[in-house]
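The residues making up each chain are set out below.
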Amino acid sequence: MKRTLKLVLASALAVATVSTVAFFALPASAEAASFTVTNSWNSGYQGEVSVSNPASAKISTWKVELTLPAGSTVGQSWNATLAAAGQKFTFTPAGWNASIAGGASTSFGFIVNGTGRPTSCTVNGQACTGLTGTPSATSSPTKAATTAPTTSAPTVAPTTSSAAPKPTTASPTVTASPTPTKAGSTPLALNGQVKVCGTNLCNESGKKIQLRGVSSHGIHWFPSCYTGSALDALATDWNADLFRIAMYVQEGGYESDPTGLTTKVNSLVDMAEARGMYALIDFHILNPGDPSFNLTRAKEFFAKVAARNAGKKNVIYEIANEPNGVSWATIKNYAEQVIPVIRANDPDGVVVVGTRGWSSLGVSDGASSAEIVSNPVNASNIMYAFHFYAASHQDNYRAEVTKAAASLPLFVTEFGTVSASGDGAVDTASTNTWIDLLDKLKISYANWNFADKSEGSSILKPGACSAGTFSGTGVLTESGQLIRSRIRTADDF
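Quick notes on the rules
Residues numbered from 1 in each chain as written. Predicted model: local features only at pLDDT ≥ 70, side-chain atom pairs only at ≥ 80, totals over all residues. Heavy atoms only, no water. Helix = DSSP H or I, 4+ residues; strand = E, 2+ residues; numbered from the N terminus. Buried < 20%, exposed > 50% of the residue type's maximum accessible area, 1.4 Å probe, protein only. Contact = heavy atoms within 4.5 Å. Areas by Shrake-Rupley, 256 points an atom, 1.4 Å probe, with all protein chains shown as cover. Disulfide = S-S within 2.5 Å. Core = buried A, V, L, I, M, F, W, Y, C linked by side-chain atoms within 4.5 Å. Salt bridge = Lys/Arg side-chain N within 4 Å of Asp/Glu carboxyl O. Expected span 1.5 Å × (residues − 1). Axes fitted to C-alpha atoms, helices over the stretch in contact; angles between N-to-C directions. Parallel < 35°, antiparallel > 145°, perpendicular 65-115°, else oblique. Nonpolar A, V, L, I, M, F, W, Y, C, P; charged D, E, K, R; others polar. Pairing = 2+ DSSP bridges. Phe/Tyr/Trp six-rings, centres within 6.5 Å; stacked < 30°, edge-to-face > 60°. Right-handed = clockwise from strand over helix to strand, strands pointing away. Left-handed = near helix turned anticlockwise from the far one by under 90°. Arc of directions from axis to C-beta.

A. Summary view of the overall build of the protein chain. Of the regular secondary structure elements, the protein chain holds 11 helices and 23 strands. Residues classed as buried in the protein chain amount to 61% of the 493 residues present. In the protein chain, once contacts between residues fewer than 6 apart in sequence are set aside, the share between residues at least 24 apart is 79%. Surface accessibility of the protein chain: about 16,300 Å² in total, with carbon and sulfur atoms responsible for 53%.

B. Broad picture of the state of the cysteines. Taken as a whole, this structure holds two disulfides when the rule is applied. The residue that forms a disulfide with Cys197 is Cys202, at a sulfur-sulfur distance of 1.6 Å.

C. Broad picture of the nonpolar core. Among the nonpolar cores identified, the biggest contains 82 residues, and Phe283, Phe302, Ile319 and Val353 are the most heavily contacted of them. Here the element with the most residues in this core is helix 5 (residues 328-345); it accounts for seven residues. Excluding anything up to four places from it in sequence, Ile319 contacts Phe283, Ile285, Phe302, Tyr334, Ala335, Val338, Ile339, Ile342, Val351, Val352 and Val353. Membership of the second largest hydrophobic core comes to 19 residues, among which are Ile59, Ile100, Ala104 and Cys121.

D. The pattern of salt bridges, seen in detail. Counted by the stated rule, this structure contains 22 salt bridges. The residue Arg275 makes a salt bridge to Asp232 at a minimum N-O spacing of 2.7 Å. Remark: Asp232 occurs in helix 2 (residues 228-237) and Arg275 occurs in the loop between helix 3 (258-274) and strand 18 (278-284); sequence separation between them is 43 residues. In this structure, Arg275 and Asp232 share a single accessibility class: buried. In this structure, Arg398 engages Asp395 in a salt bridge whose closest nitrogen and oxygen atoms are separated by 3.0 Å. Here the residue Arg398 and the residue Asp395 both occupy positions in helix 8 (residues 395-404), the gap between them amounting to three residues, near one helical turn. Take Asp395: its relative accessible area is 58%, and that puts it in the exposed class.

E. Highlighting helix 3. Over its 17 residues, helix 3 extends 24 Å from the first C-alpha to the last, a length consistent with the 24 Å expected when each residue adds 1.5 Å. Burial analysis of helix 3 places 15 of its 17 residues in the buried class, the great majority of the element.

F. Quick peek at the packing of helix 8 against helix 9 (residues 428-441). Running from N to C, helix 8 and helix 9 point in directions that differ by 5°, and their axes come no closer than 11 Å. Accordingly, the angle class assigned to the pair helix 8 and helix 9 is roughly parallel. Touching Tyr397, Arg398, Val401 and Thr402 of helix 8 are Ser430, Thr433, Trp434, Leu437 and Leu441, all from helix 9. When its residues are assigned to classes, the contact of helix 8 with helix 9 shows five nonpolar, three polar and one charged.

G. Spatial organisation of the sheet that holds strand 23 (residues 445-450). The eight strands are arranged 16-17-18-19-20-21-22-23 in a closed barrel whose pairing can be described as parallel. Across the sheet, the mean angle separating the axes of adjacent strands is 30° when strand polarity is ignored.

H. Structural context of the packing of aromatic side chains. Throughout the structure, instances matching the rule amount to 16 aromatic pairs. Between Phe301 and Phe302, the aromatic rings sit 5.0 Å apart at their centres with planes inclined by 75°, giving edge-to-face as the arrangement. Phe301 gets classed as buried once you look at its relative accessible area, which sits at 0%. Here the aromatic cluster, defined as three or more aromatic residues joined through ring pairs, consists of Tyr254, Phe283, Phe301, Phe302 and Tyr317.

I. Geometry of the pairing of strand 17 (residues 242-248). Most of strand 17 is tucked away, with seven of its seven residues classed as buried. Of the two faces of strand 17, the one lined by Leu242, Arg244, Ala246 and Tyr248 and the one lined by Phe243, Ile245 and Met247 are each fully buried. In terms of handedness, the path from strand 16 (residues 212-216) via helix 2 over to strand 17 forms a crossover that is right-handed. Summarising the sheet, strand 17 and strand 18 pair through seven bridges and their orientation is parallel. Within the sheet, the bridge partner assigned to Tyr248 lies in strand 18 and is His284.

J. The arrangement of unusual backbone geometry in detail. For the bond from Asn287 to Pro288, the omega torsion is 0°, close enough to zero to count as cis. Along the chain, Pro288 falls in the loop between strand 18 and helix 4 (295-309). Cis geometry marks the peptide bond from Trp448 to Asn449; its omega dihedral reads 10°. Within the secondary structure layout, Asn449 lies in strand 23. Phi at Asn381 takes a positive value of approximately 60°, unusual for a residue other than glycine. Mapped onto the elements, Asn381 comes out in the loop between helix 7 (370-374) and strand 21 (382-389).

K. Inspection of the packing of helix 9 against helix 11 (residues 478-487) at higher detail. In the contact formed by helix 9 and helix 11, the axes pass within 12 Å of each other and the chain directions differ by 25°. Considering their axes alone, helix 9 and helix 11 lie roughly parallel with respect to each other. In this structure, helix 9 crosses over helix 11, and the sense of that crossing is right-handed. Packed against helix 9, whose contacting residues are Thr428, Thr431, Asn432, Ile435, Asp436 and Asp439, the element helix 11 presents Glu478, Leu482, Ile483 and Arg486 at the interface. Tallied by class, residues from the contact of helix 9 with helix 11 come to three nonpolar, three polar and four charged.

L. Inspection of the side chain of Arg398 at higher detail. Residue classification places Arg398 among the buried positions, given a relative accessible area of 9%. Those residues in contact with Arg398 that lie beyond four places of it in its chain are His393, Ser430, Thr433, Trp434 and Leu437.

M. Representation of helix 9. The terminal C-alpha atoms of helix 9, which comprises 14 residues, lie 20 Å apart, in line with the 20 Å expected from a rise of 1.5 Å per residue. Residues Ser430, Thr431, Trp434, Ile435, Leu437 and Leu438 constitute the buried set of helix 9. End-on view of helix 9: buried residues confined to an arc of 155°, all on one side of the axis. Within helix 9, the exposed residues directed more than 90 degrees away from the buried face are Ala429 and Lys440. Where helix 9 is buried, its residues meet strand 21, helix 8, strand 22 (410-416), strand 23 and helix 11. With its phi angle positive at about 55°, Lys442 sits one or two positions after the end of helix 9.

Structural data, given as structure tokens:
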């Protein structure tokens, strides 16, 4: 979006602890914004800059210039284009986030190699002044992300081989929210690298666990729903363990913009990691339903994201969202070609395989999980996807899940509170029955969908994302309020 040059920058300064917040305030007419140093370590730090537009008019571009002392350099950035001249580092839009509407904001992140703090800062040529301190929960303004066209995306974030090590206990800055109900630290810090043990998902220590969270809608359709503020709300207001990144392959998705969508996925992985959440990378196959149609694309995509994220402990791979119109044998063949591509780069990541009949374990095709039990995918550390929509899929589907869970490791990577169309009235009774069953069986889940589309399954009310407000119940639909109330209960870690 565009606006006047009255911009606000909350800049990442090098600080010794991840909880320290830095401020840059512009002259009198501008509002202040805050930034959390999302990770720090002995030799560097990771920061996220928010450029905000408090004016009513929009602006068409922005430029942030930071000067670092000798010995410190910006090694990588995402959601911005980076240029360096000596110790001056210039950040300009990635393309999709150039324009900022009045009252909205956009953000980008970077890694500094070295611990030196910026010695100067300008935003569109205006000088920034810096303060440090820890503000109250209400001191940072609400942030609304810019709306991006569906065929462009930010610059590519660097690969794992060049990335600095990052701890998993970062504490993001958030708007006012209730104290998290989870004891201890973040889900990621408590559990580490998850793995499949028997028919369950287990943490690094071998304890059976259940991850609970939400799924995005198509990330190329609703970019303003997936900002730092949105993930802050999920991590601290919802107490979510998991964020599913739904990257459509067709319908204007990866097929149309492989580089941009891959970069956006990686950026969201980083954002989830910084907030202590797991990231489920969803290769969202739907139309056509034969995953073999996208086999080449899947190999290309998973080779890149697995190589880039191999060093992270928060990544889970979902290789085919909802296969449909094909046999289990076809799905199995696809899986046995894609999984080795992931394993070549990331031998430890859990992989979730879609199942027949829109990931219904075959029930929606008149089959059952027996075909998987008798002919499982020839790979280790894998789980099988199950999807349901509470108003459409009830007792017979629950019976199949109960039976299958005795033999197969299941992951409900998508479910809705409404009908299978994704719309209609919320079926509260069936939803609660489903979640009670998943809790009993320790089956992890992600609810569809964290977006503000005008449909029954949406978690957010229409307009919430453009307004940039994500915490509390006032922005939530009936479905969102129900799911939030279930996810906020204490984890059994």
